[in-house]
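# Structure assessment
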Amino acid sequence: MIGGIGAIQFKTAVDGAGSASPNLLPGGVGTQAGESVGSTFADVLSHAATKTVNTLQGAEQMSIQALKGDADTRQVVDAVLSAQQALQTTIAIRDKVVSAYLEISRMSI
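Residues numbered from 1 in each chain as written. Predicted model: local features only at pLDDT ≥ 70, side-chain atom pairs only at ≥ 80, totals over all residues. Heavy atoms only, no water.

This part is about the overall build of the protein. From N to C terminus, the protein includes two helices and zero strands. Here the protein holds 109 residues, and 21% of them are scored as buried. Accessible area for the protein stands at about 7600 Å²; split by element, carbon and sulfur atoms hold 59% of it. (Helix = DSSP H or I, 4+ residues; strand = E, 2+ residues; numbered from the N terminus. Buried < 20%, exposed > 50% of the residue type's maximum accessible area, 1.4 Å probe, protein only. Areas by Shrake-Rupley, 256 points an atom, 1.4 Å probe, with all protein chains shown as cover.)

Structure (structure tokens):
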């Protein structure tokens, strides 16, 4: 499964005027104000992947509840659309990372 890639929350802005917006992506994808983000790129990607997996699993569970008759159709649609958005964001970021890697690999040393 693929995890949700969230926005990165910065401690201070470049000019020291405060912090960045904690929710840069809509639909609940991104970091929350109380969450801590890893200091390395790998930690950030791991955290984002975990969030996407949790979003996808939540949509799956909501669909199962709807089949049992325990969930409203609107709740299922919201969960599935949120999962779809998280997956599309993850795929877009993956494509950008692969593109950057290929561009760097073509550079002459």
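This paragraph deals with the pattern of salt bridges. Enumeration according to the criterion identifies one salt bridge in this entry. With a shortest N-O distance of 2.8 Å, R94 and D95 are connected by a salt bridge. R94 sits in the partly exposed class, given a relative accessible area of 46%. For D95, a relative accessible area of 40% translates into the label partly exposed. (Salt bridge = Lys/Arg side-chain N within 4 Å of Asp/Glu carboxyl O.)

The next point concerns the side chain of T90. Looking at the secondary structure, you find T90 in helix α2 (residues 73-106). A polar contact is formed between the side chain of T90 and the side chain of T52, at a distance of 3.3 Å. (Polar contact = N/O pair within 3.5 Å; in protein donor to acceptor, adjacent residues only side chain to side chain.)

In this section: α2. The end-to-end C-alpha distance of α2 is 49 Å, a good match for the 50 Å that 34 residues give at a rise of 1.5 Å each. Those residues of α2 not exposed but buried are V76, A79, S82, A83, A86, T89 and T90. The inward-facing, buried residues of α2 abut α1 (41-68). (Expected span 1.5 Å × (residues − 1). Contact = heavy atoms within 4.5 Å.)

Moving on, we come to a nonpolar patch on the surface. Nonpolar side chains collect at one region of the surface, where V98, Y101 and L102 lie side by side and expose about 310 Å² of accessible area between them. Tracing the sequence through the fold places V98 in helix α2. On the basis of relative accessible area, V98 is assigned to the partly exposed category, the value being 43%. (Patch = residues over 30% accessible without salt bridge, like charges linked within 9 Å, V, L, I, M, F, W, Y side chains within 5 Å.)

Overall, the prediction assigns the protein a mean pLDDT of 76, with 65% of residues at 70 or greater. Low pLDDT, under 50, characterises residues 1-29; the predicted model gives this stretch 67 contacts beyond four residues in sequence or across chains. (pLDDT = per-residue confidence, 0-100.)

A few words on the packing of α1 against α2. Where α1 contacts α2, the two axes come as close as 8 Å, and the packing angle between them is 155°. Compared by their axis directions, α1 and α2 come out roughly antiparallel. Along this stretch, α1 crosses α2, giving a crossing that reads as left-handed. The segment α1 lies against α2, with T52, T55, L56, A59, M62, S63 and A66 engaging Q75, V76, A79, V80, S82, A83, A86, L87 and T90. Partitioning the contact of α1 with α2 into residue classes produces ten nonpolar, six polar and no charged. (Axes fitted to C-alpha atoms, helices over the stretch in contact; angles between N-to-C directions. Parallel < 35°, antiparallel > 145°, perpendicular 65-115°, else oblique. Left-handed = near helix turned anticlockwise from the far one by under 90°. Nonpolar A, V, L, I, M, F, W, Y, C, P; charged D, E, K, R; others polar.)

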